[in-house]
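# Residue-level structural notes
What follows is the residue order along each chain.
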Amino acid sequence: MIKAKILIIIFAVVTTISILGTFSEIHATEGKLEVWEEEQQVEEDKVKEYRENIEKEINKNGVTYKLKDISEQENKKTISKNKEIEKELIVKTTNKYDVLNMFKQEINIKENGYTGTLKINNLSLKIEENDTYKEEYKVYYEEKYENVKSNELNDIPKTIKKDGIVYYLINPVWTVVETQNIDGQAVPVSYNGIMKYEAIEVRTIVSNYKATVKYSGELKKKVVDSVTFKLQYEEIPIDKGENENKQSNMLPTVATTGTGIILCSGIILLSRKNVLIYNYKNNKWNLVKKTKIKNNENKINITPIKMDKSRKYKIVLSNMLFNKLRNQNIIIKYYDKQFICEVKEKEIEIMV
């Protein structure tokens, strides 16, 4: 009986020392404010809405934090488009090889943030008349007559149409080929004739040509795809008087007997949760469950009560539990599935 009482007293003393040590630690860290950081990647079209709805104060694990700093980093992606342009030159020749050598083989383009190089398409070359004028010129035609009896023009046509051109007689040329002696005079009795005709034609003279060629290629530019926000929150310090009241209220009433000490400390230790379970949804971690791992088992049940959860979970162990389970395996239960994880960090992320 005496031994039992001694054991009770020893346990009570140890428990009380542990509790008092905890509150000593609280006093030791008083004045050092905790920092909570969040990182979120937001699509470019939702950045404005996200920026306007950043919370100025948040509450995490019972601690209230106020927004201290925001940093933004743009995440860019490359987009591309096909581009075709046409260039022209005024040239004096229709020789394709000579004309192509007058054009640049490549053109560098900058357009609305896009950049790229376009290459010439030789097969697209076109050469057409550009500057012309009309010019009149004379054309001639001759008609021959042989051994005609008279050099009169009565039977000679005054106009002749050949190949669509109307010629006009301008110069008849007669040659005497035979004469006859009459009364002592040589009288022509036979003639050869060359009838010379003339017409006016119009032709088009080309002064120069317009050469056109096409260039084609791909243009690229970088655009903002999303923005990564890094939010830093700082703990809001509790008023000193209020803090002292809270700490005094947290201290258990120590009974005057060993039994009373054991009862109060036992209630605190048994009711204390040592595992927090978060679910990742809507681009943030949400606390969905608090639980406790008992001393005699290494199993955590993360099965949700409601079905509106994602499959990504984070399990956060208390300092005491982490020190106890470090480098050990724990079982994580999700419905009828079980996952074995080795405890390396206080926070364990898992996809179920």
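Presented here is a report on the structure given in the accompanying data block. (Residues numbered from 1 in each chain as written. Predicted model: local features only at pLDDT ≥ 70, side-chain atom pairs only at ≥ 80, totals over all residues. Heavy atoms only, no water.)

## Describing the sheet that holds strand E13 (residues 329-334)
Taken together, the three strands give an open sheet; going across it, the order is E11-E13-E14, and neighbouring strands pair in mixed fashion. Lying at the two open borders of the sheet, with one neighbouring strand each, are strand E11 (299-301) and strand E14 (337-342). Each neighbouring strand pair of the sheet contributes to a mean axis angle of 25 degrees, computed without reference to strand direction. In terms of strand pairing, E11 meets E13 through three bridges, oriented parallel. Looking across to E13, one finds that isoleucine 300 is bridged to isoleucine 332. (Pairing = 2+ DSSP bridges. Helix = DSSP H or I, 4+ residues; strand = E, 2+ residues; numbered from the N terminus. Axes fitted to C-alpha atoms, helices over the stretch in contact; angles between N-to-C directions.)

## Focus on the packing of aromatic side chains
Counting across every chain of the model gives eight aromatic pairs. Ring geometry for tyrosine 141 versus tyrosine 197: centroids 6.4 Å apart, planes at 45 degrees, classification tilted. Here tyrosine 141 is found in strand E5 (residues 114-148), whereas its partner tyrosine 197 is found in strand E8 (residues 185-235), with 56 residues between them in sequence. For tyrosine 197, a relative accessible area of 0% puts it in the buried group. Relative to tyrosine 191, the ring of tryptophan 174 lies with its centre 6.1 Å away and its plane at 75 degrees, an arrangement referred to as edge-to-face. Of the two residues, tryptophan 174 sits in strand E7 (residues 165-182) while tyrosine 191 sits in strand E8, which places them 17 residues apart along the sequence. Owing to a relative accessible area of 10%, tyrosine 191 belongs among the buried residues under this scheme. (Phe/Tyr/Trp six-rings, centres within 6.5 Å; stacked < 30°, edge-to-face > 60°. Buried < 20%, exposed > 50% of the residue type's maximum accessible area, 1.4 Å probe, protein only.)

## Considerations on the pairing of strand E9 (residues 275-281)
For E9, the tally of buried residues reaches five of seven residues, placing the bulk of the element in the interior. Summarising the sheet, E9 and strand E10 (residues 284-291) pair through seven bridges and their orientation is antiparallel. Directly across from tyrosine 278, in E10, lies its bridge partner leucine 287. Where E9 folds back on E10, the antiparallel hairpin that results is connected by two residues, among which asparagine 282 adopts a positive phi of roughly 55 degrees. Relative to strand E12 (residues 312-317), E9 runs antiparallel, the two being bridged by five bridges.

## A closer look at the nonpolar core
Counting 19 residues, the largest nonpolar core has Val275, Ile300, Ile302, Ile315, Leu317 and Ile330 as the members making the most contacts within it. The set of elements that each furnish at least two residues to this core consists of E9, E12, helix H6 (319-325), E13 and strand E15 (347-351). Dropping the residues within four chain positions of it, isoleucine 302 is found in contact with Ile277, Tyr313, Ile315, Ile332, Lys333, Tyr334, Ile350 and Val352. Ranked by size, the runner-up nonpolar core spans 16 residues in total, among them Leu118, Ile120, Leu125 and Tyr215. (Core = buried A, V, L, I, M, F, W, Y, C linked by side-chain atoms within 4.5 Å. Contact = heavy atoms within 4.5 Å.)

## Some details on the sheet that holds E15
The strand order across the open sheet built from four strands is E10-E9-E12-E15, with neighbouring strands paired in antiparallel fashion. Both edges of this open sheet fall to E10 and E15, since each of them pairs with a single strand only. Taking the axes of each pair of neighbouring strands and ignoring which way they run, one obtains an average angle of 25 degrees across the sheet.

## Overview of the pattern of salt bridges
Enumeration according to the criterion identifies 11 salt bridges in this entry. Across the salt bridge formed by glutamate 135 and arginine 203, the nearest N and O atoms sit 2.7 Å from each other. In this pair, glutamate 135 sits in strand E5 while arginine 203 sits in strand E8, placing the two residues 68 residues apart along the sequence. The class of arginine 203 is partly exposed, set by a relative accessible area of 38%. (Salt bridge = Lys/Arg side-chain N within 4 Å of Asp/Glu carboxyl O.)

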